[in-house]
Amino acid sequence: SDTEFIQLLESSADSKSRAVDPQRIVTVVADHFQLDPRDMMSDKRERHIVRARQTAMYLCRDLIGCSYPALGRIFGGKDHSTAMYAVKKVMKLQRDDKEMNQMLTRLRKRCLSRSEG
């Protein structure tokens, strides 16, 4: 159920900051990629879902400082090495790809702004 899903997100986040939480990041990223947030927690391997999941993992690490094991738990019980790979991949893409960089900047702003209508 949705409440179980949300409780799982809240309990598995060892976040430093309450301004933004993994649930918020997942919601913002899912919305951007036009996905159901639950797709990002699933084992689905479609390209756009994988890209969205990796992006959300990166933002959780970047904005909240989630540990790799916590990221793995948040995103459906993935291994911490999967989370490490995702974060490194997005960092590299951000460095090499101007559009990716701009997208991450926009997503970061949306995650941090509370005035979401």
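Residue positions within a chain follow its written sequence, with the count starting from 1. Note on the predicted model: pLDDT of at least 70 is required for a residue's local features to be given, and 80 or more for side-chain atom pairs to be given and counted; whole-chain, interface and lining totals, by contrast, use all residues. Derived side-chain values reflect all non-hydrogen atoms in the structure, with water molecules and hydrogen atoms excluded from consideration.

### Examining the overall build of the chain
Point 1. Segments assigned H or I by DSSP are reported as helices when at least four residues long, segments assigned E as strands when at least two residues long, and all are numbered from the N terminus. Secondary structure summary: the chain contains 7 helices and 0 strands in total.
Point 2. Start at the N end of the chain and walk to the C end: the helices and strands fall as α-α-α-α-α-α-α.
Point 3. Looking at the chain alone, contacts between residues at least 24 apart form 61% of all its contacts between residues at least 6 apart.
Point 4. In short, Shrake-Rupley with a 1.4 Å probe defines the accessible areas, and a residue's cover is counted only from the protein chains shown. Of the roughly 6700 Å² of accessible surface on the chain, 50% is carried by carbon and sulfur atoms. In this description, contact between two residues means that some pair of their heavy atoms is separated by no more than 4.5 Å.

### Notes on the environment of Ala 52
Point 1. Tracing the backbone shows Ala 52 in helix α4 (residues 47-64).
Point 2. Relative accessibility decides the category of a residue: with a 1.4 Å probe and only protein chains considered, values under 20% of the type maximum give buried, values over 50% give exposed, and everything between is partly exposed. Given a relative accessible area of 0%, Ala 52 falls into the buried group.
Point 3. Remark: the alpha-carbon pair of Ala 52 and Ala 30, spanning 22 residues in sequence, is separated by 6.9 Å.
Point 4. Leave out the neighbours within four places in its chain, and Ala 52 touches Val 29, Phe 33, Leu 35 and Met 40.

### Let's talk about helix α2 (residues 22-32)
Point 1. Of the residues making up α2, those classed as buried are Pro 22, Arg 24, Ile 25, Val 26, Val 28, Val 29 and Ala 30.
Point 2. Where α2 is buried, its residues touch α3 (37-41), α4, α5 (68-74) and α7 (98-112).

### Description of the packing of α2 against α7
Helices that pack against each other are described as a pair by the angle of their axes relative to one another and the distance between those axes.
Point 1. Interaxial angles span 0 to 180 degrees and are taken between N-to-C directions of axes, which are lines fitted to C-alpha atoms, for helices over the stretch in contact. At a closest axis distance of 9 Å, the pairing of α2 and α7 adopts a crossing angle of 135°. On the basis of their axis angle, the class for α2 and α7 is oblique. Note on packing geometry: the crossing formed by α2 with α7 is right-handed. In this structure, α2 uses Arg 24, Ile 25, Val 28, Val 29, Asp 31 and His 32 to contact α7, whose residues at the interface are Met 103, Arg 106, Leu 107, Arg 110 and Cys 111.
Point 2. In terms of residue class, the contact of α2 with α7 is built from 6 nonpolar, 1 polar and 4 charged. Orientation labels follow simple angle bins: below 35 degrees gives roughly parallel, above 145 gives roughly antiparallel, 65 to 115 gives roughly perpendicular, and whatever is left gives oblique. Each crossing is labelled by how the near helix is turned from the far one, with a counterclockwise turn of less than a right angle marking it left-handed and a clockwise turn marking it right-handed. Gly falls in the polar group here, along with every residue not listed as nonpolar (Ala, Val, Leu, Ile, Met, Phe, Trp, Tyr, Cys, Pro) or charged (Asp, Glu, Lys, Arg).

### Topic: the side chain of Ser 42
Point 1. Relative to the helices and strands, Ser 42 is located in the loop between α3 and α4.
Point 2. Under the relative-accessibility criterion, Ser 42 is labelled buried at 17%.
Point 3. Each polar contact in these results corresponds to two N or O atoms within 3.5 Å; when the atoms are within protein, one needs to be able to donate a hydrogen and the other to accept it, and residues that are neighboring in sequence are counted only if both atoms are side-chain atoms. A polar side-chain atom of Ser 42 sits 2.6 Å from the main-chain carbonyl oxygen of Asp 39.

None of this, on its own, says anything about what the molecule does.
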